[in-house]
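Now for the letters of each chain:
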Amino acid sequence: MIKARGLQRRFTSRGRTVDAVKGVDIDVTEGELVGFLGPNGAGKTTTLRMLTTLLTPTAGEAQVAGCDLRADPVGVRRRIGYVAQGGGTGPECKVAEEIELQGRLYGLGKADAIERGKELTEQLDLSGLDQRLTKTLSGGQRRRLDIALGLIHSPKLVFFDEPTTGLDPQSRANLWEHIRMLRSEQGVTLFLTTHYLEEADALCDRILVIDGGEIVAEGTPDALKARVSGDSVALGVDDDVTTRAAEIVGRVEGAHELTTAPGEVRFRVPRGDTALPALLRAFDAENLTMQSMQVQRPTLDDVFLTLTGRSLRDSSGSDSSGGDADAAAEASADDNERNEVPTRAA
Amino acid sequence: MLRDTWLIFRRDATLLLRNPAWLAIGVMQPVLYLVLFGPLMERIVTSTPGFPPGSSWTILTPALIVQLALFSATTAGFSLLADLRNGVVERLRVTPASRVALLLGKVLMNGLTTVAQAIIITILAFLVFGLSAPIGGILLTLLIVAMLSVTLASASYAVALTLRNEQAFPALVNSVMMPVLLLSGILVPITTGLAPDWLYAISRVNPFTHIVDAGRAGFRGDFSVDALLTGSIVLVVLMSLCVFWGARTFRRENA
């Protein structure tokens, strides 16, 4: 569905050049749900804008949905759907108007556009909102409308740019459901960017991690996590046996970063869930009692930290509930970025 | 492309009709000039030598219509900046729709809007102030402002797309339009009889002077080559250039 080689974008402004994307290779096969994860400014949106014909690559080439990006951008446009970060509806437009216009710009007749729009509004829980101005919709509804607009021509490949930025947790969970259904029920290939770890984790079959304009890692969420520091395990024991417990733990294959405190032993191990049963038996054999145990799977932020030495910006407390202001600030920061990019390009 | 143009035109028309107040607000300024400034002109025109022929109303009304076109069309870029901010431009650009149609649909709507507003002003001048002008001449002037509106709106969109800055855009538009307006003799015609030579010379270089002159000629029913030729040529050339510029910006703009 997507095959990009050495895709690169350089912006020049006032004599300074910025390599926003430094030559990325991307392969996405049909039916995959691939996530593009990275902090703000990593080059996610720039890459996406190149793949969706909105930005001409400085170098490199790509086949998108069977068409050559450079030779046949109109062909690409016909075959893909794109749901932009900030959406794309006019606040004073009615839902039905936007849907019909979108359908007709993709070449559908009036009746077909309306028919297809009905189908989509039902699928996306937007029924009954036809005559509402888009500015009166809730954030979640508006985002679903954006998705409806992106799907109006039944594309086989859909790009989502930060689909849930700025949404509340319920809307986000709801949107994830819709995105999953697109794939499972309609076999749509999906490529999405996100800087939310749990989003990439929850949705994607495969993740590309981008940082500083380069892809720094690639794999399934689990593979990426396993690759890094391993699970973090904390054992609670009686104070006076802490040292003996630590000795036993030290014998576990792959255990590292072992630290102790009175009554507590912490370490990392590639697979915490499989290491624990053996550990329990070892404790039994030595007649030691384990008071508690805790296994924490590494987060994608751990992955990112290991790969780049930096934390993803919104890593801590990114379980979204408190993050609305943050998300909004980010969204507007991204807007600025988006507005500036073409200036630099010009 | 025609179909796409029509679709975009219709979208903008729907939006305008949803908030017709904007139409009225656009008309307010020229109406105020007509009511609060026009009566002053009446005396001055008759007692001052050097004015072009015609009554004060046939001099002022077409000029106000041109001024209206200047104002409303040059600020058209604002709506585009809003569309950029809302992501509408991006969304439309990712569809297979013709890029040129995305521009044409909008500027044609700008042209039609200006004509509608110009008609309101003309009717007002006719009913309240006893403007007398031949219908053919009025139609000609309406055509002129429609073309002018298309011209300036194209330029405005091109500038907005290039600048992409909601603060800088009005500042730029103002600093360009203010001298253009003063030098086109909209309020007081810049004639050899009224203006010093240097001012007259500068005003002749301003393309909009000739367009205002052509508009005035239409209102007084003067269809002579002398009165219309320069203005028409200037307008056609400007329109071609600006539409080309706008279309190029829409097509090229980071794509």
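The shown structure was predicted, so the numbers you read here are calculated from the model rather than taken from an experiment.

A. Region of interest: the packing of helix H3 (residues 95–105) of chain A against helix H5 (residues 139–151) of chain A. Residues and elements named next belong to chain A. As a packed pair, H3 and H5 sit with axes 9 Å apart at the nearest point and diverge in direction by 25°. What the angle tells us is that H3 and H5 run roughly parallel. Crossing angle aside, the handedness with which H3 passes H5 is right-handed. Where H3 approaches H5, its residues Val95, Glu98, Ile99 and Gln102 are matched on the opposing element by Leu145, Ala148 and Leu149. Here the residues of the contact of H3 with H5 sort into five nonpolar, one polar and one charged.

B. Region of the structure containing the sheet that holds strand E4 (residues 59–64) of chain A. Residues and elements named next belong to chain A. Taking strand neighbours across the sheet as the criterion, the four strands line up as E2-E1-E4-E5 in an open arrangement whose pairing is antiparallel. A strand with exactly one partner marks an edge of an open sheet, and here the two such strands are strand E2 (16–28) and strand E5 (67–68). Where E4 meets E5, two bridges bridge the pair, whose relative direction is antiparallel. Residue pairing in the sheet places Val64 in a bridge with Cys67 of E5. Contacts from helix H1 (residues 44–51) reach strand E1 (2–13), E2 and E4, with the element oriented near 115° to E1.

C. Summary view of helix H6 (residues 99–129) of chain B. Given a rise of 1.5 Å per residue, 31 residues ought to cover 45 Å, and the 45 Å separating the end C-alpha atoms of H6 of chain B matches this to within 8%. Gly130 of chain B, located one to two residues past H6 of chain B, shows a positive phi value of around 65°.

D. Spotlight on the environment of Gly254 of chain A. Residues and elements named next belong to chain A. Looking at the secondary structure, you find Gly254 in the loop between helix H9 (242–250) and strand E12 (256–261). Residue class for Gly254 comes out exposed when judged on the 11 C-beta atoms lying within 10 Å of it. Each residue touching Gly254, except ones within four places of it in the same chain, is listed here: Gly230, Val269 and Pro270.

E. Representation of the sheet that holds E12 of chain A in the model. All names here are of chain A. If you walk across this open sheet you meet the four strands as E12-E13-E11-E14, and the pairing is antiparallel. A strand with exactly one partner marks an edge of an open sheet, and here the two such strands are E12 and strand E14 (290–296). Taking each pair of neighbouring strands and ignoring which way they run, the sheet shows an average axis angle of 15°. In this sheet, strand E13 (residues 264–269) lies alongside strand E11 (residues 231–237) in antiparallel orientation, the contact comprising six bridges. Within E13, the residue paired with Gly236 across the bridge is Glu264. Together, E11, E13 and E14 form the strand contacts of helix H10 (residues 272–285), whose direction differs from that of E14 by roughly 165°.

F. Geometry of the confidence of the model for chain B. Per-residue pLDDT for chain B has a mean of 91; in total, 99% of the residues score no lower than 70. Reported for the predicted complex are a pTM of 0.81 and an ipTM of 0.87.

G. The arrangement of the packing of helix H10 (residues 207–219) of chain B against helix H11 (residues 225–252) of chain B in detail. Residues and elements named next belong to chain B. Direction vectors running N to C along H10 and H11 enclose 130°, while the axes themselves pass 8 Å from each other. Between H10 and H11, the angle is such that the two are oblique. When the axes of H10 and H11 are compared, the crossing they make is left-handed. The residues of H11 that touch H10, namely those facing Pro207, His210, Ile211, Asp213, Ala214 and Ala217, are Ala227, Leu228, Thr230, Gly231, Ser232, Val234, Leu235 and Leu238. Tallied by class, the residues present in the contact of H10 with H11 amount to nine nonpolar, four polar and one charged.

H. Representation of the environment of Asp4 of chain B in the model. For Asp4 of chain B, the location among the structural elements is in helix H1 (residues 2–18). In this structure, Asp4 of chain B is in contact with Leu105 of chain A together with Ala97, Ser98 and Ala101 of chain B, ignoring residues within four places of it in sequence.

What counts as what
Residues numbered from 1 in each chain as written. Chains lettered and ligands numbered in written order. Predicted model: local features only at pLDDT ≥ 70, side-chain atom pairs only at ≥ 80, totals over all residues. Axes fitted to C-alpha atoms, helices over the stretch in contact; angles between N-to-C directions. Helix = DSSP H or I, 4+ residues; strand = E, 2+ residues; numbered from the N terminus. Parallel < 35°, antiparallel > 145°, perpendicular 65-115°, else oblique. Left-handed = near helix turned anticlockwise from the far one by under 90°. Contact = placed C-beta atoms within 7 Å. Nonpolar A, V, L, I, M, F, W, Y, C, P; charged D, E, K, R; others polar. Pairing = 2+ DSSP bridges. Expected span 1.5 Å × (residues − 1). Buried ≥ 20, exposed ≤ 12 C-beta atoms within 10 Å, placed from the backbone. pLDDT = per-residue confidence, 0-100.

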